[in-house]
Amino acid sequence: TQSTRPQRLLGAVQKNATRGDPCSVVKAIDHFCRHKEWAMNVGDEKGCILDSVVSEINPATVLELGTYCGYSTVRIASRLPPHAKLITLEFNPDFAVIARQVIAWAGVEEKVQLVEGASGDWIPKMKEQFGIKTFDLVFLDHWKDRYLPDTKLMEECGLLRKGSVLLADNVICPGTPEYLEYVRNSPRYESRYFKSHLEYTKVEDGLEKSVFLG
Ligand SMILES: Cn1cnc(CNC(=O)c2cc(-c3ccc(F)cc3)cc(O)c2O)c1
Ligand SMILES: [Mg+2]
């Protein structure tokens, strides 16, 4: 029976990366996606911007919306301080199965809680289920038409505090026009665009970093 692209990506990790070495997992995925099969990871170029934002914030609590194969999960988790927690939500169970194995191979499972299901269902339950007060950083990388409704939901559920940072992937390609309009025009956010490229291509894309002002 045919393997899926995520299964082949996992195979490349298990073949080429060293167990317990997050950097080698990231490099193995980037090599696979650049030379074998494109996949929708945030990638190396935008990944460096993600790394710098994580290091700047040094977050104790992170929410990732859209795990896919766990590439950005590993990048973020490998930069978190001890006792910090990363909760990552994935709707697609087939992606979740792969992501759990990539996260384990990298040896960052202690810092990561992968939750399967719809962001709209889980966001209202974050406080009671995971003992989260607020998130220091949210990385938005799931369905592009969910960025805005989920951001409004996080505001309503009191999951953002003065200074919480939203970092959104793909604001140009595939694009998130309603979300961009909202964070760039709302008085409750200080927003900035980091120009880059769609992972493994020359197509323009970028990350939007938006600080919640309370
Ligand atoms: C099915 N599914 C499960 N999760 C998701 C959410 N992610 C995306 O949709 C996504 C898509 C692209 C992309 C795809 C085709 C193309 F031509 C150009 C860009 C890039 C990304 O970085 C993404 O995050 C989709
Ligand atoms: Mg993306």
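Look a little higher up for the structure.
Rules behind the numbers
Residues numbered from 1 in each chain as written. Chains lettered and ligands numbered in written order. Predicted model: local features only at pLDDT ≥ 70, side-chain atom pairs only at ≥ 80, totals over all residues. Heavy atoms only, no water. Helix = DSSP H or I, 4+ residues; strand = E, 2+ residues; numbered from the N terminus. Rg over C-alpha atoms; globule rule 2.2 N^0.38 Å. Buried < 20%, exposed > 50% of the residue type's maximum accessible area, 1.4 Å probe, protein only. Contact = heavy atoms within 4.5 Å. Lys, Arg positive; Asp, Glu negative; His and termini not counted. Charge placed at Lys NZ, Arg CZ, Asp CG, Glu CD. Near = heavy atom within 4 Å. Polar contact = N/O pair within 3.5 Å; in protein donor to acceptor, adjacent residues only side chain to side chain. Areas by Shrake-Rupley, 256 points an atom, 1.4 Å probe, with all protein chains shown as cover. 1 Å grid on protein atoms, 1.4 Å probe; cavity = no way out; pocket = protein on both sides within 12 Å on 5 of 7 lines; lining within 4 Å. Sits in = over half its atoms within 2 Å of the grid points. Nonpolar A, V, L, I, M, F, W, Y, C, P; charged D, E, K, R; others polar. Pairing = 2+ DSSP bridges. Right-handed = clockwise from strand over helix to strand, strands pointing away. Donors = N, O, S within 2.8 Å, 3.2 Å for Na, K, Ca; no water.

(A) Local environment of the overall build of the protein. Helix and strand content of the protein: 10 helices and seven strands. Its C-alpha atoms give the protein a radius of gyration of 16 Å, near enough to 17 Å, the size a compact globule of 214 residues would have. If you line up the protein on its principal axes, its C-alpha atoms span 50 × 40 × 35 Å. Counting over 214 residues, the protein shows a buried share of 54%. Sequence separation of 24 or more characterises 72% of the internal contacts of the protein that already satisfy a separation of 6 or more. Distance between charge centroids for the protein: 4 Å, based on 27 positive and 29 negative side chains.

(B) Fine view of the site of ligand 1. In the region of ligand 1, 13 residues are neighbours, and Asp141, Lys144, Asp169, Asn170 and Glu199 sit closest. The side chain of Asp141 places a nitrogen or oxygen atom 2.8 Å from an oxygen atom of ligand 1. A distance of 2.9 Å separates an oxygen atom of ligand 1 from a polar side-chain atom of Lys144. Surface burial for ligand 1 is 68%, taken as the share of its 540 Å² of free accessible area covered by protein chains. Placement of ligand 1 is best described as lying within the largest pocket. Grouping the constituent residues of the shell around ligand 1 by class yields seven nonpolar, two polar and four charged.

(C) Main features of the pairing of strand 2 (residues 85-90). Across the six residues that make up strand 2, a large majority, five, are buried. Across five bridges, the pairing between strand 1 (residues 61-65) and strand 2 is parallel. Across the sheet, Leu63 pairs through a bridge with Ile87, a residue of strand 2. With respect to chirality, the unit in which strand 1 leads through helix 4 (residues 71-77) into the neighbouring parallel strand 2 is right-handed. The pairing of strand 2 with strand 3 (residues 112-116) spans five bridges and is classified as parallel. Looking across to strand 3, one finds that Thr88 is bridged to Leu114. At this point the chain moves from strand 2, through helix 5 (residues 93-106), to the parallel strand 3, and the crossover so formed is right-handed.

(D) Spotlight on unusual backbone geometry. Each neighbour pair has its own omega, and for Cys173 with Pro174 the value is 5°, a cis peptide bond. Among the structural elements, Pro174 can be located in helix 9 (residues 171-175). If you check the backbone angles, Asn58 has positive phi at about 50° while not being a glycine. Here Asn58 is to be found in the loop between helix 3 (43-57) and strand 1.

(E) Molecular detail of the coordination of the magnesium ion (ligand 2). For the magnesium ion (ligand 2), the full set of protein donor atoms is Asp141 (OD), Asp169 (OD) and Asn170 (OD1), and the range of their distances to it is 2.0 to 2.2 Å. Positions of the donor residues of the magnesium ion (ligand 2) along the chain correspond to the pattern D-x27-D-N. Of this pair, Asp141 sits in the loop between strand 4 (137-140) and helix 8 (147-156) while Asn170 sits in the loop between strand 5 (165-168) and helix 9; the two residues are 29 residues apart in sequence, bridging distant segments of the chain. The pair formed by Asp141 and Asn170 is uniform in burial state, with each residue classed as buried.

Function-wise, these values are silent; they only describe arrangement.
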